[in-house]
Amino acid sequence: VQLQASGGGTVQAGGSLRLSCAASGRTFSSYNMGWFRQAPGKERTFVAQITSSGGSTAYADSVKGRFTISRDNSKNTVNLQMNSLKFEDTAVYYCAAALGGGWHWGLGTQVTVSS
């Protein structure tokens, strides 16, 4: 599976961004999807995930209530709507597919929140 994230950019604190991830190569609707992020000098951390059908989601405590993950299996895309952005949300964001007992990563997209 190939994953390509897009939608990153620079936004002021309190603003919003919507990230998208396009998947190709395998049956998109058969696997869970997730978003992770990596801030400079820090490890990659979990942000959100969604089940293959889209029926269940989970979020890191730090983004709960501000971020929303969704997917469109007809378009092979997964999205991350990010509202009320904070400086500490600055990071490279990666989408990932749950395959083979682990996460398969795509290329990231930079999100910068200015204070």
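Here is what the cut-offs are and how they apply
- Residues numbered from 1 in each chain as written.
- Predicted model: local features only at pLDDT ≥ 70, side-chain atom pairs only at ≥ 80, totals over all residues.
- Heavy atoms only, no water.
- Buried < 20%, exposed > 50% of the residue type's maximum accessible area, 1.4 Å probe, protein only.
- Helix = DSSP H or I, 4+ residues; strand = E, 2+ residues; numbered from the N terminus.
- Pairing = 2+ DSSP bridges.
- Disulfide = S-S within 2.5 Å.
- Phe/Tyr/Trp six-rings, centres within 6.5 Å; stacked < 30°, edge-to-face > 60°.
- Lys NZ or Arg CZ within 6 Å of the ring centre and 35° of its normal.
- Contact = heavy atoms within 4.5 Å.
- Polar contact = N/O pair within 3.5 Å; in protein donor to acceptor, adjacent residues only side chain to side chain.

Peer 1: How should the pairing of strand E9 (residues 91–99) be read in this particular structure?
Peer 2: Along any regular strand the residues' side chains alternate between the sheet's two faces. When you tally the buried positions in E9, you get seven out of nine residues, the bulk of the element. One ladder, built from six bridges, connects strand E4 (residues 33–38) with E9; its direction is antiparallel. Looking at E9, one finds that Trp35 is bridged to Cys95. Bridging between E9 and strand E10 (residues 102–105) involves four bridges; their strand directions are antiparallel. Residue Ala97 lies in a different strand from E10, and its bridge partner there is His104. Remark: two residues form the turn of the hairpin made by E9 and E10, two consecutive strands paired antiparallel; Gly100 in that turn has positive phi of roughly 60°.

Peer 1: I'm lost on unusual backbone geometry in this one. Help?
Peer 2: Most peptide bonds are trans, and most residues other than glycine sit at a negative phi. In the Ramachandran plot, Asn76 falls in the positive-phi region, its phi being about 55° despite a non-glycine side chain. Positive phi outside glycine occurs at Ser84, with the angle close to 50°. Inspection of the secondary structure assignment puts Ser84 in the loop between strand E8 (77–82) and E9. The partly exposed category is assigned to Ser84, whose relative accessible area is 40%.

Peer 1: I'm lost on the state of the cysteines in this one. Help?
Peer 2: Put plainly, two cysteines are in a disulfide when a covalent bond ties their sulfur atoms together. This model, assessed by the stated rule, comprises one disulfide. The disulfide partner of Cys21 is Cys95, and the S-S distance across this bridge is 2.0 Å. Disulfide Cys21-Cys95: torsion about the S-S bond near 45°, hence right-handed. With Cys21 in strand E3 (residues 17–24) and Cys95 in strand E9, the pair connects residues that are 74 residues apart, well separated along the chain. An identical accessibility class is assigned to Cys21 and Cys95; each is buried.

Peer 1: Please clarify how the packing of aromatic side chains should be interpreted in this entry.
Peer 2: Two aromatic rings, taken as a pair, are described by how far apart their centres are and by the angle between their planes. Under the counting rule described, the total for this entry stands at four aromatic pairs. Centroid distance Phe28 to Tyr31: 5.8 Å. Interplanar angle 80°. Geometry classified as edge-to-face. The rings of Phe36, Phe46, Trp103 and Trp105 are connected pair by pair, giving a single aromatic cluster. The ring centre of Tyr94 lies 3.8 Å from the NZ or CZ of Arg44, which sits over that ring. Over the ring of Phe28 we find Arg71; its NZ or CZ atom is 4.4 Å from the centre of that ring.

Peer 1: Any chance you could explain the environment of Arg18 here in plain terms?
Peer 2: With respect to the secondary-structure elements, Arg18 resides in strand E3. Arg18 gets classed as partly exposed once you look at its relative accessible area, which sits at 43%. In this structure the C-alpha to C-alpha distance between Arg18 and Pro40, which are 22 residues apart in sequence, comes to 21 Å. Among residues more than four places away in sequence, those in contact with Arg18 are Ser6, Gly7, Ser70, Asn79, Leu80 and Gln81. Polar contacts involving the side chain of Arg18 include one to the side chain of Gln81, which spans 3.4 Å.

Peer 1: Can you help me understand the side chain of Asp89 in this one?
Peer 2: If you trace the backbone, Asp89 turns up in the loop between E8 and E9. At a separation of 2.9 Å, a polar atom in the side chain of Asp89 contacts the side chain of Arg37. There is a polar contact of 2.7 Å between the side chain of Asp89 and the side chain of Arg66. With residues up to four places along the chain from it excluded, the contact list for Asp89 reads Arg37, Arg66, Phe67, Ser84, Val111 and Val113.

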